[in-house]
Amino acid sequence: MTVPDVQPRYLDEVDPAARPPRWLPKALAMAVVAVIVGVLAWRAMGMLTALFTNLVIALFIALMLEPMIAWLVRHRWKRGAATGVVMGGAFLAIVAMIAMFGTMFVTQVIELGKSVPQIYENIRTWASESFGAELPEKEKLLGQAIDGWGDDIASSALGIGSSLLGFIFAVMTIGLVVYYLCAAGPKFRAAICSWLAPRNQVTVLHLWEITQVKVSGFINSRLVLAFLSTAFTLVFLIILSIPYSLPLALFTGIVSQFVPTIGTYIGGALPVLLALAQSPMKALAVLVFIVVYQQIENYIFSPKISQKALEMNPAVAFVVVLAFGAVFGALGAFLALPVAATIQAVASTYLRRHELVDSAMLREHEPADGWKGTADPDDGVVRIPTIAADDDAPGSPQAP
């Protein structure tokens, strides 16, 4: 006799263990909502990338102008008037430079573009006669460039008008944000600190001060060094009668200051190349000038102008610029050094430094006495005595 399979007739008769948890529908709904909100936020951030970029630029410009505005405020200027004078003075200085050199710069850039084929042909002839190297003919390179870029240039030409309007809008946005940040500096910081506990307020204000000092010191010192580099390079190129000296000198000055360690040599490559199109001796003279000026800048100009605004290892600075440039583009490469210097300053303020043990890995030369280091007690190094090879005492050496 078999027992018939009895099915429950009502939901209440189902085993409670077989039911789904009551929280499951709500959790699924919340997960769907979170995914939708995340996707919308990601798309919004992508659409607002340009605005975020403008805000970052405005913030760094405001930090750069803050010392000059603060100096005027200390001399009993109203903050709004001081901000207007500083921003107006910077604008007039830019307009004056454009008026003085703008026409010459544009003319030389256009002439440089027209002469690129002839310059390439001169370099091709020199390479063939001097080293027997056969470079591709300029007609072939020109054909490849037209095939590769022709469609892009034609399509991008339609967006020149909109790009110009976008540039004007970006400049106006940056200018307004800079003015409001500078004019309402203490009020802006007070509004932020009013949401924080007193202990956190002190931390935020200290971090703000460190950031302001590092950013303003970096940008101002780089601008001064870029001006000096441009001026000396321009004078030297004019003496050698190198054509298109103004755009070449400006390119060298900007690149040399905002690309660490090797910026001077990268910026000097273009003048050397154009000088090579005239004669190898002029190219050699430009190369020697670039090397000599780099040493003068490193040992004379930079220590006096920078005043330790950025105390950072050159190799670390170069890697930081490459990393920021790869992630954030040209703006990231430009802001990499002040951001990294700020992080380093904050870390040195809030992280504890320890005394160094004495090791040959921390010195360039091994002394001849029985100590692994000098006998200077004030250099912050923990001294560890040397143990002879025949000493069979167990254990590691102990610090005195």
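As the structure is a prediction and not an experimental result, all values here were calculated from the model.

Caption draft 1: Looking closely at the overall build of the chain. For the chain, the helix and strand inventory stands at 11 helices and 2 strands. Tracing the chain from N to C terminus, the helices and strands come up as α-α-α-α-α-α-α-α-α-α-α-β-β. Taken across its 400 residues, the chain has 25% of its residues classed as buried. Considering only residue pairs separated by 6 or more positions, the chain has 59% of its internal contacts joining residues 24 or more positions apart. Carbon and sulfur atoms provide 71% of the accessible area of the chain, an area that totals close to 27,400 Å².

Caption draft 2: Up close: a nonpolar patch on the surface. Taken together, the side chains of Ile-262, Tyr-265, Ile-266, Met-281, Leu-284, Leu-287, Val-288, Val-291, Val-292, Ile-296, Tyr-299 and Ile-300 make up a nonpolar region of the molecular surface, amounting to roughly 1,100 Å² of accessible area. Sorting the residues of the nonpolar patch by element identifies helix H9 (263–278) and helix H10 (280–306) as the ones contributing at least two each. The leading source of residues in the nonpolar patch is H10, at 9 residues.

Caption draft 3: Region of the structure containing helix H2 (residues 49–74). Counted at 1.5 Å a residue, the expected span for H2 with its 26 residues is 38 Å, and the 37 Å between its end C-alpha atoms agrees. In H2, a bend of some 40 degrees at Glu-66 exceeds every other bend along the element, and Pro-67, a proline, comes one to four places later. Along H2, the residues classified as buried are Asn-54, Ala-58, Phe-60, Ala-62, Leu-63, Met-64, Leu-65, Glu-66, Ile-69, Ala-70 and Leu-72. Downstream of H2 by one or two residues, Arg-76 has phi in the positive range, about 70 degrees.

Caption draft 4: Up close: the nonpolar core. By size, the foremost hydrophobic cluster in this structure holds 25 residues, and its most contacted members are Leu-65, Ile-69, Val-178 and Cys-182. Those elements that place two or more of their residues in this core are H2, helix H3 (79–131), helix H5 (160–183), helix H7 (198–239) and helix H11 (314–350). Among the elements that line this core, the one with the most residues is H2, at 8 residues. Aside from chain neighbours lying at most four places away, what touches Ile-69 is Arg-79, Ala-82, Thr-83, Val-86 and Cys-182. Counting residues in hydrophobic clusters, the runner-up holds 20 residues, among them Leu-225, Leu-248, Val-286 and Ile-290.

Caption draft 5: Seen up close, the packing of helix H6 (residues 185–193) against H7. Where H6 contacts H7, the two axes come as close as 10 Å, and the packing angle between them is 145 degrees. The handedness of the crossing between H6 and H7 is right-handed. Listed contacts from H7 to Phe-188, Arg-189, Ile-192 and Cys-193 of H6 are Gln-201, Leu-205, Trp-208 and Gln-212. Here the contact of H6 with H7 is composed, by residue class, of 5 nonpolar, 2 polar and 1 charged.

Caption draft 6: How the structure looks around the packing of aromatic side chains. Under the counting rule described, the total for this entry stands at 7 aromatic pairs. Plain terms: the ring middles of Phe-236 and Phe-289 are 4.4 Å apart, the flat faces sit at 5 degrees to each other, and that makes the pair stacked. Note that Phe-236 is positioned in helix H7 and Phe-289 in helix H10, a separation of 53 residues in sequence. With relative accessibility at 15%, the residue Phe-289 sits in the buried group. One aromatic cluster is present, built from ring pairs that chain together Phe-232, Phe-236, Phe-289, Tyr-293 and Phe-301.

Caption draft 7: The environment of Ile-69, seen in detail. Positionally, Ile-69 belongs in helix H2. Residues Ile-69 and Ala-183, 114 residues apart in the sequence, show an inter-C-alpha distance of 8.9 Å.

Caption draft 8: Highlighting the packing of helix H8 (residues 245–258) against H9. Packing of H8 against H9 brings their axes to within 7 Å, and their N-to-C directions diverge by 165 degrees. Taken together, H8 and H9 sit at an angle that is classed as roughly antiparallel. The chirality of how H8 crosses H9 is right-handed. Contacts between H8 and H9 involve Leu-248, Phe-251, Thr-252, Val-255 and Ser-256 from the former and Gly-263, Thr-264, Ile-266, Gly-267, Gly-268, Leu-270, Pro-271 and Leu-274 from the latter. Looking at the contact of H8 with H9 residue by residue, the classes come out as 7 nonpolar, 6 polar and no charged.

Caption draft 9: Broad picture of the pattern of salt bridges. Inspection of every chain in the model, using the stated rule, returns 1 salt bridge. For Glu-66, the salt bridge identified is with Arg-79, shortest N-O distance 2.7 Å. Of this pair, Glu-66 sits in helix H2 while Arg-79 is found in helix H3, placing the two residues 13 residues apart along the sequence. Overall, the relative accessible area of 15% leaves Arg-79 in the buried class.

Caption draft 10: Main features of the confidence of the model for the chain. Overall, the predicted model of the chain reaches an average pLDDT of 75, with 74% of residues at or above 70. The secondary-structure element of the chain with the lowest mean pLDDT is strand E2 (residues 381–382), recorded at 44, while H6 shows the highest, at 86. pLDDT under 50 marks residues 370–400. Its contacts with residues more than four places away, or in other chains, come to 42 contacts.

Caption draft 11: Examining the environment of Val-346 more closely. When you line up the elements, Val-346 lands in helix H11. Between the alpha carbons of Val-346 and Ile-210 there is a distance of 7.3 Å; along the sequence they are 136 residues apart. Beyond its immediate chain neighbours, meaning those up to four positions away, Val-346 contacts Leu-207 and Ile-210.

What counts, and where the lines are drawn
Each chain carries its own residue numbering, running from 1 in the written order of its sequence. In keeping with the predicted nature of the model, local features appear solely for residues at pLDDT of at least 70, side-chain atom pairs appear and are counted solely at 80 or more, and the whole-chain, interface and lining totals rest on all residues. Values shown for side chains rest on all heavy atoms present in the structure; no hydrogens or waters enter the calculation. Strands here mean DSSP runs of E at least two residues long; helices mean DSSP runs of H or I at least four residues long; both are numbered from the N terminus. With a 1.4 Å probe rolled over the protein chains alone, any residue whose accessible area is under 20% of its type maximum counts as buried; one over 50% counts as exposed, and the rest are partly exposed. By definition in these notes, contact holds between two residues if any of their heavy atoms fall within 4.5 Å. Here, Shrake-Rupley sampling with a 1.4 Å probe gives the accessible areas, and only protein chains in the shown set may cover a residue. To count toward a patch, a residue needs a relative accessible area over 30% and no salt bridge; like charges are then connected within 9 Å, while nonpolar side chains (Val, Leu, Ile, Met, Phe, Trp, Tyr) are connected within 5 Å. The salt bridge criterion pairs a side-chain nitrogen of Lys or Arg with a carboxyl oxygen of Asp or Glu, the two atoms within 4 Å. A helix's residues, less one, multiplied by 1.5 Å, set its expected span. We define the bend at each residue as the angle formed by axes fitted to the 7 residues ending at it and the 7 residues starting at it. For this analysis, a nonpolar core means a set of buried residues of the types Ala, Val, Leu, Ile, Met, Phe, Trp, Tyr and Cys, connected via side-chain atoms within 4.5 Å. Lines are fitted to the C-alpha atoms to define the axes, a helix being fitted only along its stretch in contact, and any angle between axes, read from their N-to-C directions, falls within 0 to 180 degrees. The hand of a helix crossing depends on one turn: near helix anticlockwise from the far one by less than a right angle means left-handed, and clockwise means right-handed. Residues are grouped as follows: nonpolar covers Ala, Val, Leu, Ile, Met, Phe, Trp, Tyr, Cys and Pro; charged covers Asp, Glu, Lys and Arg; every other residue, Gly included, is treated as polar. Each Phe, Tyr or Trp ring, with Trp reduced to its six-membered ring, pairs with another whose centre is within 6.5 Å; inter-plane angles below 30 degrees give stacked pairs, above 60 give edge-to-face pairs, and intermediate values give tilted ones. Orientation is classified from the angle alone, with under 35 degrees giving roughly parallel, over 145 giving roughly antiparallel, 65 to 115 giving roughly perpendicular, and any other angle giving oblique. Confidence of the predictor at the level of single residues is given by pLDDT, which spans 0 to 100.

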